[in-house]
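The lines below spell out each chain.
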Amino acid sequence: MGRTVISAEDLRELIREEAARHEACAGVHFSGVEPQEPDASGCSWTLAGVRGSGDSAATATCVQALTAAIEGLQSRYNLPLTR
């Protein structure tokens, strides 16, 4: 099954919505997504960066809480190819 191609902004919004579901992610900001050459699974993006409110342990807890959700998004969505 192929991935749905969506814009980087739409993908960022999906990540923000998922983060909002997790108390551990309060105060954590996701910079966005970066395009990449499709990896072995075919995913064409990765997280650009994650920034917390100064507590690196809290940021790590948030990222851990979102790992499965991010992997799910990566299996379902790709960014448009730019060449």
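Structural data are supplied above this passage.
Structural notes, computed from the coordinates.

What counts as what
- Residues numbered from 1 in each chain as written.
- Predicted model: local features only at pLDDT ≥ 70, side-chain atom pairs only at ≥ 80, totals over all residues.
- Heavy atoms only, no water.
- Disulfide = S-S within 2.5 Å.
- Helix = DSSP H or I, 4+ residues; strand = E, 2+ residues; numbered from the N terminus.
- Buried < 20%, exposed > 50% of the residue type's maximum accessible area, 1.4 Å probe, protein only.
- Expected span 1.5 Å × (residues − 1).
- Bend = angle between axes of the 7 residues up to and from the residue.
- Contact = heavy atoms within 4.5 Å.
- Polar contact = N/O pair within 3.5 Å; in protein donor to acceptor, adjacent residues only side chain to side chain.
- Core = buried A, V, L, I, M, F, W, Y, C linked by side-chain atoms within 4.5 Å.
- Axes fitted to C-alpha atoms, helices over the stretch in contact; angles between N-to-C directions.
- Parallel < 35°, antiparallel > 145°, perpendicular 65-115°, else oblique.
- Left-handed = near helix turned anticlockwise from the far one by under 90°.
- Nonpolar A, V, L, I, M, F, W, Y, C, P; charged D, E, K, R; others polar.

Considering the state of the cysteines
Think of a disulfide as a covalent bridge from one cysteine sulfur atom to another cysteine sulfur atom.
Here comes step 1: Using the criterion set out here, one finds one disulfide in the structure.
Here comes step 2: Put simply, Cys25 and Cys62 are joined by a disulfide, and their sulfur atoms are 2.1 Å apart. With the S-S dihedral at roughly 100 degrees, the linkage between Cys25 and Cys62 falls on the right-handed side. Here Cys25, found in the loop between helix H1 (8–20) and strand E2 (29–35), pairs with Cys62, found in helix H2 (residues 56–76); they are 37 residues apart in sequence, far enough to count as distant. By the burial criterion, Cys25 is buried, and Cys62 matches it.

Some points on H2
Here comes step 1: Taking 1.5 Å of rise per residue, the 21 residues of H2 would be expected to cover 30 Å, and the 29 Å separating its terminal C-alpha atoms lies within 8% of that figure.
Here comes step 2: In H2, a bend of some 50 degrees at Thr67 exceeds every other bend along the element.
Here comes step 3: Among the residues making up H2, those that are buried are Thr59, Cys62, Leu66, Ile70, Gly72 and Leu73.
Here comes step 4: Where H2 is buried, its residues touch H1, E2, strand E3 (45–51) and strand E4 (77–78).

Comments concerning the side chain of Asn78
Here comes step 1: Of note, Asn78 is situated in strand E4.
Here comes step 2: Side-chain polar atoms of Asn78 contact the backbone oxygen of Gly42, separated by 3.1 Å.
Here comes step 3: Those residues within four positions of Asn78 in sequence are excluded, and the remaining contacts are Arg3, Thr4, Val5, Ile6, Gly42, Cys43, Ser44 and Trp45.

Description of the nonpolar core
Most often, soluble globular proteins have nonpolar side chains that are buried together.
Here comes step 1: In this structure, Leu11, Ile15, Phe30, Trp45 and Leu66 are the most contacted members of the largest nonpolar core, which totals 16 residues.
Here comes step 2: For this core, the secondary-structure elements that each account for two or more residues are H1, E2 and H2.
Here comes step 3: Per-element accounting of this core gives the leading share, four residues, to H2.
Here comes step 4: Leave out the neighbours within four places in its chain, and Leu66 touches Glu18, Ala19, His22, Cys25 and Phe30.

A few points about the packing of H1 against H2
Here comes step 1: One way to put it is that H1 packs onto H2 with a least axis distance of 10 Å and a crossing angle of 155 degrees. Overall, the two elements H1 and H2 adopt an arrangement that is roughly antiparallel. By crossing handedness, the relation of H1 to H2 is classed as right-handed. Together, Leu14, Ile15, Glu18 and Ala19 of H1 and Leu66, Ala69, Ile70 and Leu73 of H2 make up the contact between the two elements.
Here comes step 2: Grouping the constituent residues of the contact of H1 with H2 by class yields seven nonpolar, no polar and one charged.

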